[in-house]
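Observations on chain architecture
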Amino acid sequence: MGRVNTALQELRGAQKSAKGVSLYSRFVNRPAGRYLAAGSYALGLTPNQVTLVSAAFSFAAVAAVALCAPSWGLGIAVWAALAVGFAFDSADGQLARLRGGGSAAGEWLDHVVDAAKLTALHSCVLIAFYRFPEEYGTTADGWLLVPLGFQFAAVVTFFGGLLTEKLKPKPAPGSPAATPSTLRAVALLPVDYGVFCVVFLLLGGGRVFAWAYAGLGVVAGLFLLAFLAKWFRELSAVPR
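Below you will find a few notes about this structure.

So, how was this worked out
In this numbering scheme, every chain counts its residues from 1 along its sequence in written order. Where totals are concerned, whole chains, interfaces and linings use all residues; where local detail is concerned, this predicted model gives features only for residues with pLDDT of at least 70, and gives and counts side-chain atom pairs only at 80 or more. Side-chain descriptors were evaluated using all non-hydrogen atoms of the structure, hydrogens and water having been removed beforehand. The salt bridge definition used is simple: a Lys or Arg side-chain nitrogen within 4 Å of an Asp or Glu carboxyl oxygen. Numbering of helices and strands runs from the N terminus, with a helix taken as a DSSP run of H or I at least four residues long and a strand as a DSSP run of E at least two residues long. The buried label applies to any residue whose accessible area, calculated with a 1.4 Å probe on protein chains only, is under 20% of its type's maximum; exposed applies above 50%, and partly exposed to all values in between. Angles shown run from 0 to 180 degrees and are taken between the N-to-C directions of axes, each axis being a line fitted to C-alpha atoms and, for helices, limited to the stretch in contact. Here is the rule for angles: anything less than 35 degrees is roughly parallel, anything more than 145 is roughly antiparallel, 65 through 115 is roughly perpendicular, and the remaining ranges are oblique. Crossings are assigned a handedness: left-handed for a near helix turned anticlockwise from the far helix by less than a right angle, right-handed for a clockwise turn. Any pair of residues with heavy atoms lying within 4.5 Å of one another is described as a contacting pair. Residues are grouped as follows: Ala, Val, Leu, Ile, Met, Phe, Trp, Tyr, Cys and Pro are nonpolar; Asp, Glu, Lys and Arg are charged; every other residue, Gly included, is polar. Each aromatic pair joins two rings of Phe, Tyr and Trp (for Trp, the six-membered one) with centres within 6.5 Å, and gets the label stacked for planes under 30 degrees apart, edge-to-face for over 60, and tilted for any other angle. Here, a charge over a ring means that NZ of Lys or CZ of Arg falls within 6 Å of the ring centre while also lying within 35 degrees of the ring normal. Take the number of residues in a helix, subtract one, and multiply by 1.5 Å to get its expected span. What makes a nonpolar core is a set of buried Ala, Val, Leu, Ile, Met, Phe, Trp, Tyr and Cys residues whose side-chain atoms join them at distances within 4.5 Å. For patches, a residue must show more than 30% relative accessible area and have no salt bridge; joins then use 9 Å for like charges and 5 Å for nonpolar side chains, namely Val, Leu, Ile, Met, Phe, Trp and Tyr. With residues, only the protein chains shown are counted as cover, and all accessible areas are computed by Shrake-Rupley using a 1.4 Å probe.

With respect to the pattern of salt bridges
- One pass over the full model with this rule turns up five salt bridges.
- As a salt-bridge pair, Lys117 and Asp114 come within 3.6 Å of each other at their nearest N and O atoms. Placement of both Lys117 and Asp114 in helix H5 (residues 104-131) is noted, with a separation of three residues, approximately one turn of the helix.
- Here Glu234 makes a salt bridge to Lys168, at a shortest N to O gap of 3.6 Å. Linking Glu234 in helix H10 (residues 207-236) with Lys168 in the loop between helix H7 (145-167) and helix H8 (182-187), this pair joins segments that are 66 residues apart in sequence.
- Accessibility expressed as a relative area gives 25% for Lys168, which makes it partly exposed.

Have a look at this one:
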């Protein structure tokens, strides 16, 4: 326990900026990841091993969505596995900072797993809508376009955000950190991955899940348009 407590103390002083982070990630996922990172450190795990643990939880949930008929029990299990996988996704980076810094290979692995998780999750919702149309109320073929549209918005937002961060100039060393906006943190909740995972608690409702999922997909599309405009405006001000 002593090693875990020491790791927790060090991690509290080595957190990333909360700018551009939703309330869920700031007050739920990152703190949960901090405890997982401290425990992983005590066990001698590497950041890459923690990334693979995150992948195992996430892809187990993804597979269950595609293979199992909807039920309330399934929904709880899927949500729990996705939420734990997301917390481990936060833990790998925190563990890397605790160990003195990550590697290019570790960052690559983390992003590849995230991209695979996003595409697989929406693909498996499509499979579920196709395999269990009566349960989900998705007998009309148009429903199969919903996960495709949601997947498009999620993937473009993910890669657009990553590329924007890579292209924007880095702040000068020693410059003060930007103060996180509470209003922005609240506004980002609808497109936070952790909040999105909550919709799977409705799997037992069948049609309720389908409509809630579709609603979040519409919100993701609207946010994508807003993000693209914002990122293009910011990068237009960067000298070539």
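Don't stop here, the text continues.
Concerning the packing of helix H4 (residues 72-98) against H5
- Here H4 crosses H5 at 160 degrees, and the two axes come no closer than 11 Å. By the angle between their directions, the pair H4 and H5 is classed as roughly antiparallel. H4 and H5 meet at a crossing whose hand is left-handed. Touching Leu82, Asp89 and Asp92 of H4 are Asp110, Asp114, Lys117 and Leu121, all from H5.
- In terms of residue class, the contact of H4 with H5 is built from two nonpolar, no polar and five charged.

A look at the packing of aromatic side chains
- Applying the stated criterion across every chain yields a total of 19 aromatic pairs.
- Relative to Phe196, the ring of Tyr193 has its centre 6.2 Å away and its plane inclined at 50 degrees; by these criteria the two rings are tilted. Separated by three residues within a single helix, Tyr193 and Phe196 lie in helix H9 (residues 193-198), roughly one turn from each other. Across the pair, exposure class does not vary: Tyr193 and Phe196 are buried alike.
- Counting every residue linked through ring pairs, the aromatic cluster contains Tyr24, Phe86, Phe129, Tyr136, Trp143, Phe150, Tyr193, Phe196, Phe200, Phe209, Trp211 and Tyr213.
- Just above the ring of Tyr193 sits the side chain of Lys117; from NZ or CZ to the centre is 4.6 Å.

Quick notes on H4
- Helix length check: H4 (27 residues) gives 39 Å between terminal C-alpha atoms against 39 Å at 1.5 Å per residue, within 8%.
- Where H4 terminates, the next one or two residues include Gly100, which has phi positive at roughly 105 degrees.

Here we look at the side chain of Thr164
- Among the structural elements, Thr164 can be located in helix H7.
- A relative accessible area of 4% places Thr164 in the buried class.
- When neighbours within four sequence positions are excluded, Thr164 is seen to be in contact with Trp231, Glu234 and Leu235.

Looking at the nonpolar core
- Core analysis: the largest hydrophobic core is formed by 38 residues, its most contacted members being Val78, Leu82, Phe129, Tyr193, Phe196, Phe200 and Phe209.
- Contributions of two or more residues to this core are made by helix H3 (47-67), H4, H5, H7, H9 and H10.
- One finds Ala37, Val50, Ala91 and Leu95 within the second-largest nonpolar core, a separate group that totals six residues.

Section: a nonpolar patch on the surface
- Taken together, Ile76, Trp79, Val198 and Leu201 make up a surface patch of nonpolar side chains, about 310 Å² in accessible area.
- Topologically, Leu201 is positioned in the loop between H9 and H10.
- In this structure Leu201 comes out as partly exposed when scored by relative accessible area, which is 30%.

Thoughts on the environment of Glu135
- Secondary-structure assignment places Glu135 in helix H6 (residues 133-136).
- A relative accessible area of 40% places Glu135 in the partly exposed class.
- Put simply, Glu135 and Ala69 are 66 residues apart on the chain and 8.0 Å apart in space, counted from C-alpha to C-alpha.
- If near-sequence neighbours (up to four positions away) are discounted, Glu135 is found in contact with Pro70, Gly206 and Arg207.

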